[in-house]
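Here's the letter readout for the chains.
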Amino acid sequence: MSWTTTLGGHSYRFADLRDLLAKATPLRSGDVLAGVAAASAAERVAAQTVLADLPLAHFLDEAVVPYEDDDVTRLIMDSHDAGAFAPVRSLTVGGFRDWLLSWEADTATLGALAPGLTPEMVAAASKLMRVGDLVAVARKTRVVTGLRTTIGLEGRLATRLQPNHPTDDAVGITASLVDGLLHGAGDAVVGINPATDRPSTVLALLELIDDARRRLDAPIQSCVLTHVTTTLELLEQGAPVDLVFQSVAGTQAANRGFGVTLDQLREAHAAVSELHRGTVGSNVTYFETGQGSALSADAHHDVDEQTLEARAYAVCRAFDPLLVNTVVGFIGPEYLYDGKQILRAGLEDHLCGKLLGVPMGVDVCYTNHAEADADDTDTLLLTLGAAGCAFVITVPGGDDIMLNYQSLSFQDVLQVRQTLGLRPAPEFEAWLGSVGLLDDAGRVPQLVPEPIRALMS
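Residues numbered from 1 in each chain as written. Predicted model: local features only at pLDDT ≥ 70, side-chain atom pairs only at ≥ 80, totals over all residues. Heavy atoms only, no water.

## Topic: the UniProt feature "binding site: substrate" (unreviewed entry) in the protein
Here is step 1: Within this structure's numbering, the places UniProt gives as "binding site: substrate" (unreviewed entry) are Arg-160, Leu-161, Gln-162, Asn-193, Glu-288 and Asp-363. When the annotated set is filtered for residues lining the largest pocket, what remains is Gln-162, Asn-193, Glu-288 and Asp-363.
Here is step 2: With residues near it in sequence (within four places) discarded, Asn-193 still touches Arg-160, Gln-162, Asn-164, Asp-168, Leu-225, Met-402 and Leu-403.
Here is step 3: Among the polar contacts made by the side chain of Asn-193, one reaches the side chain of Arg-160 at a distance of 2.8 Å. (UniProt positions renumbered as here; feature names shortened; annotations may be inferred. 1 Å grid on protein atoms, 1.4 Å probe; cavity = no way out; pocket = protein on both sides within 12 Å on 5 of 7 lines; lining within 4 Å. Contact = heavy atoms within 4.5 Å. Polar contact = N/O pair within 3.5 Å; in protein donor to acceptor, adjacent residues only side chain to side chain.)

Right under this line is the structure:
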């Protein structure tokens, strides 16, 4: 199926659904690199005009990646809940966008709708939204999960404490861990990106975090962000695995580039679930995604990067995750050129994930060769806080010395919590108070309390 329209005396043709979605996407460098972006602002407006009139139900009839060629497409189509979709089935994409902004679309209604939405539907609606719309709809969309802490509650902003080290040095990692805890970070997860995927190293890191957790009696969950096959190997050795981690993408070919299949994810999810390590919930998976990952693997099928990113969330929601985050500026300016594109992408990802029922966080970050700086990360953090983001990633000083990119510092989250009246996850907040890391006014003290001193020694 193709579409044509006339705008300003010029005729525009869109060959299929992939072409229409790509041309309607707000400008980003990755789509230009892939050769799928609109050639002009006028063509983009023309595509958005056509997209606004497209029935939502059309997305059930035309796949952007063929059903017979792609297991992610099959997952999306085969798991679609027609009953949940029924309330919005008669709407166009533009009508759906307007309905999402209405009073009628409240938190409970949006939660019930999630199983009836496909990634392409929510991506299409987001392409018709401004930044304020993306914030407003996301703010009333809530996804709550739990393991040892409860993530996603209203008025809460959790953090991943990321104590990376370029040589996986235990002393350096412990120093970063202590630094984060002193600033009230770590309620989403203490998550380490290991410098090596060697099983013995990953096991040592898992045991390091688990030992700190038990010594402090802290309600935290740990994760070493190793490949799922390494996690499966360590599970057979009895390793203290709280969360299965894997980077995923929106096409079968892109996931193949990550060396992972849906069957492997099912196996790992089942294995960790059997450990029953949670205290307040049983969500045991953690996924990372990012716009541009499919393009970088030459596995994008001429689909725009934002639509493919939304498709990755369909993979995530199939495994009941505790945490999902987009590393929004990490891949580089080839895919998101500057602070404006990073801001837009982060808010799109956050909204689309939550509308699909995924507990969404964001790594507010950029690489040093991007046209971005700390003012851009401040802006995205503040808007995500207003939008009800589940969690963000924090590193010492905002500078990840292992991955060589700029993220948020522990202090940045303290600032946004104070500015917007946000608090840590409730179980973690109670623990912070019990060990003297949070006063009655919700402030972090300047002196190191005794339990943390003991860990440092």
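Past the structure itself, the notes keep going.
## Points about the pattern of salt bridges
Here is step 1: Within the structure shown, the criterion is met by 21 salt bridges.
Here is step 2: Here the salt bridges share partners, and the residues they tie into one network are Arg-148, Asp-210, Arg-213, Arg-214, Asp-242 and Arg-277. (Salt bridge = Lys/Arg side-chain N within 4 Å of Asp/Glu carboxyl O.)

## Notes on the UniProt feature "binding site: adenosylcob(III)alamin" (unreviewed entry) in the protein
Here is step 1: As recorded in UniProt, the feature "binding site: adenosylcob(III)alamin" (unreviewed entry) lies at Pro-194, Gln-246, Ser-296 and Met-402. Of the annotated set named above, Pro-194, Gln-246 and Met-402 line the largest pocket.
Here is step 2: Mapped onto the fold, Pro-194 is located in the loop between strand 6 (189-192) and helix 11 (199-216).
Here is step 3: Overall, Pro-194 belongs to the buried group, its relative accessible area being 15%.
Here is step 4: Beyond its immediate sequence surroundings of up to four residues, Pro-194 is in contact with Asp-168, Leu-205, Val-224, Leu-225, Thr-226 and Met-402.
Here is step 5: Turning to its location among the elements, Met-402 is positioned in the loop between strand 13 (399-400) and strand 14 (405-406). (Helix = DSSP H or I, 4+ residues; strand = E, 2+ residues; numbered from the N terminus. Buried < 20%, exposed > 50% of the residue type's maximum accessible area, 1.4 Å probe, protein only.)

## Description of the pairing of strand 9 (residues 285-289)
Here is step 1: Most of strand 9 is tucked away: 5 of the 5 residues are buried.
Here is step 2: Burial along strand 9 is two-sided: the face carrying Thr-285, Phe-287 and Thr-289 and the face carrying Tyr-286 and Glu-288 are both buried.
Here is step 3: Both strand 8 (residues 244-247) and strand 9 contribute to a ladder of 4 bridges, which runs parallel. Across the sheet, residue Val-244 finds its bridge partner in strand 9, namely Thr-285.
Here is step 4: With 4 bridges joining them, strand 9 and strand 10 (residues 323-327) adopt parallel strand pairing. (Pairing = 2+ DSSP bridges.)

## Section: the packing of helix 12 (residues 228-236) against helix 14 (residues 262-273)
Here is step 1: Taken N-terminus to C-terminus, the directions of helix 12 and helix 14 make an angle of 35°; their axes are 10 Å apart at the nearest point. Handedness of the helix 12/helix 14 crossing: left-handed. Along its contact with helix 12, which presents Val-228, Thr-229, Leu-232 and Leu-235, the element helix 14 presents Gln-264, Leu-265, Glu-267, Ala-268, Ala-271 and Val-272.
Here is step 2: For the contact of helix 12 with helix 14, a count of residues per class yields 7 nonpolar, 2 polar and 1 charged. (Axes fitted to C-alpha atoms, helices over the stretch in contact; angles between N-to-C directions. Left-handed = near helix turned anticlockwise from the far one by under 90°. Nonpolar A, V, L, I, M, F, W, Y, C, P; charged D, E, K, R; others polar.)

## Some thoughts on the packing of aromatic side chains
Here is step 1: In the structure shown here, the tally under the stated rule is 6 aromatic pairs.
Here is step 2: Relative to Tyr-286, the ring of Phe-245 has its centre 5.4 Å away and its plane inclined at 70°; by these criteria the two rings are edge-to-face. Note that Phe-245 is positioned in strand 8 and Tyr-286 in strand 9, a separation of 41 residues in sequence.
Here is step 3: On the numbers, 6.1 Å between centres and 50° between planes, the contact of Phe-287 with Phe-319 is tilted. Taken as a pair, Phe-287 in strand 9 and Phe-319 in the loop between helix 16 (305-317) and strand 10 lie far apart in primary sequence, 32 residues in all. (Phe/Tyr/Trp six-rings, centres within 6.5 Å; stacked < 30°, edge-to-face > 60°.)

## Some thoughts on the nonpolar core
Here is step 1: In this structure, Leu-51, Phe-59, Tyr-286 and Trp-431 are the most contacted members of the largest nonpolar core, which totals 142 residues.
Here is step 2: By residue number, the principal contributor to this core is helix 11, which donates 8 residues.
Here is step 3: Residues contacting Trp-431, with those up to four places away along its chain left out, are Leu-181, Leu-216, Asp-217, Ala-218, Pro-219, Leu-437 and Ile-452. (Core = buried A, V, L, I, M, F, W, Y, C linked by side-chain atoms within 4.5 Å.)

## Here we look at empty space enclosed by the protein
Here is step 1: Counted by the stated rule, this structure contains 6 cavities of 30 Å³ or more.
Here is step 2: Of the volumes computed, that of the largest cavity is approximately 90 Å³.
Here is step 3: Gly-292, Ala-294, Leu-295, Glu-305 and Leu-308 are the residues nearest the centre of the largest cavity, which is lined by 17 residues in total.
Here is step 4: Breaking the lining of the largest cavity down by element, the ones donating at least two residues are helix 2 (29-34), helix 15 (293-296) and helix 16.
Here is step 5: For the lining of the largest cavity, the element with the most residues is helix 16, which contributes 4 residues. (Points joined across faces, edges and corners; volume = space filled by probe spheres on them.)

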